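Reading the structure
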Amino acid sequence: MSGWDFSKRQTAAWDALHEPDIREVLYGGAKGGGKSVFGVRWSYLRAREIIDTFELTPTKHPLLVGFMGRQQSVDFNDTTLETWKKFVEPSELYEIRSHLKEVVIDDTVKINYGGLGDQETIQKFNSAEYAFIFIDQAEEIHKDDMGMLRGTLRLKIKGRDVLPKVLLTANPAQCWLKPEFIQGKSLPHRRFIKALPSDNPFLHTEYIDRLREAFSHRPELLEAYLHGSWDDVAGHDRIIKERWVREAGDRHFWGREQRFFMVFDAARFGDDETVVYTMRNTDILDEKIYGQKDAMHTANLIHTAVVSGVRWQDHHYRI
């Protein structure tokens, strides 16, 4: 592996990505597990493997073979790209063309990079044909974005298919990664490798102690960031814990029947959606999900439902 030292967990992720039946690897878990370092080094080495396998030679127009990214381009530039510069060494191995957002290797192949929140980057996906993808902090991106990326894995070289590979790194979060890679039985072409700081011999010797001190007041975050637990994560932007949802589903109610509307977030702009549930106790009778409508639209919807013949034993409007 180009003479670079890899930890035990990084080696496990490397081996999984070289299994012919494995197409996607989630290398996720605790902070300090060496996820981003592994991601940038694997991307470089994957590009080198393609050069060697297909006996490619330098050209005026390097062949596009892969994509590296995060949700926001500025985050990729400030963190992941800096990790590339530091850990993919020596710098003579590649050329970063920042004005084109690409890394060129041996004047032979190139890797696009950017943010999935950028319209310029998204437009490239319409015609892009990649052999591999590396997404850093994949918990930030949406499932639709991942579907769009998967649709670009169709590169052929010299008339031969290139085996597609996807590497995702992530910190624990309540997101689409859990059902696709961790919970239950994931698809056989996917593999989850847990990243742990205790398995990273390259960390600062005091890092784990500082982590324990920093999150001693948030035991669920400490479990996630130190031990890589995905079980009950609730970050600064998440109020409802997954454990609470599971416990609510197990509760039973007795007594007179109630009905009520439950409305979350009248979403007027952006990609957010308004969710309106008509419920009988804890059972959902009807749902309406839509976006980019103002609060009056939602208020009229509720009012119309009430006066159109629905007999409510109790009225509870939660907005």
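Residues numbered from 1 in each chain as written. Predicted model: local features only at pLDDT ≥ 70, side-chain atom pairs only at ≥ 80, totals over all residues. Heavy atoms only, no water.

Describing the sheet that holds strand S3 (residues 94-97)
- If you walk across this open sheet you meet the eight strands as S3-S4-S5-S2-S6-S9-S1-S10, and the pairing is mixed. The outermost strands of the open sheet, each flanked by one partner alone, are S3 and strand S10 (190-195). Strand-to-strand twist in this sheet, taken as the mean axis angle between neighbours without regard to direction, amounts to 15 degrees. (Pairing = 2+ DSSP bridges. Helix = DSSP H or I, 4+ residues; strand = E, 2+ residues; numbered from the N terminus. Axes fitted to C-alpha atoms, helices over the stretch in contact; angles between N-to-C directions.)

Quick look at unusual backbone geometry
- With an omega dihedral of 0 degrees, the bond running from Glu 89 to Pro 90 counts as a cis peptide bond.
- Assignment of secondary structure puts Pro 90 in the loop between helix H3 (73-87) and S3.
- One non-glycine residue, Glu 55, lies in positive phi territory at about 50 degrees.
- Following the sequence through the fold, Glu 55 ends up in the loop between helix H2 (35-53) and strand S2 (63-70).

Points about the nonpolar core
- In this structure, Phe 38, Ile 50 and Trp 84 are the most contacted members of the largest nonpolar core, which totals 40 residues.
- Sort the elements by how many residues they give to this core and H2 lands first, with eight residues.
- In this structure Ile 50 touches Leu 56, Val 65, Ala 131, Phe 132, Ile 157 and Val 162, once residues within four positions along its chain are discounted.
- Tyr 130, Ile 133, Leu 168 and Phe 181 belong to the second-largest nonpolar core, a separate cluster that totals 23 residues. (Core = buried A, V, L, I, M, F, W, Y, C linked by side-chain atoms within 4.5 Å. Buried < 20%, exposed > 50% of the residue type's maximum accessible area, 1.4 Å probe, protein only. Contact = heavy atoms within 4.5 Å.)

So, helix H1 (residues 8-17)
- Burial in H1 covers these residues: Gln 10, Ala 13, Trp 14, Ala 16 and Leu 17. When H1 is viewed along its axis, its buried side chains cluster within an angular range of 165 degrees and face the same direction.
- Buried residues belonging to H1 abut strand S1 (24-29), H2, strand S9 (165-170) and S10. (Arc of directions from axis to C-beta.)

Notes on the pairing of S3
- In the sheet, S3 pairs with strand S4 (residues 102-105) via four bridges, with the strands oriented antiparallel. Across the sheet, the residue bridging to Ile 96 is Val 103, located in S4.
- Following S3, the chain reverses through four residues before pairing antiparallel with S4; Lys 101 in that reversal takes a positive phi of roughly 55 degrees.

Structural notes on the confidence of the model for the protein
- On average, the protein scores 83 in pLDDT, and the residues at 70 or more come to 81%.
- For residues 311-319, every residue scores under 50 in pLDDT, and the model assigns this stretch 23 contacts once sequence neighbours within four places are set aside. (pLDDT = per-residue confidence, 0-100.)

Overview of the packing of aromatic side chains
- By the definition in use, this model includes 11 aromatic pairs.
- Ring centres of Phe 76 and Tyr 113 lie 5.4 Å apart, and the angle between their planes is 20 degrees; this geometry places the pair in the stacked category. Of the two residues, Phe 76 is situated in helix H3 and Tyr 113 in strand S5 (residues 109-115); the sequence distance between them amounts to 37 residues.
- For Tyr 113, a relative accessible area of 2% translates into the label buried.
- Centroid distance Trp 84 to Tyr 94: 5.5 Å. Interplanar angle 80 degrees. Geometry classified as edge-to-face. (Phe/Tyr/Trp six-rings, centres within 6.5 Å; stacked < 30°, edge-to-face > 60°.)

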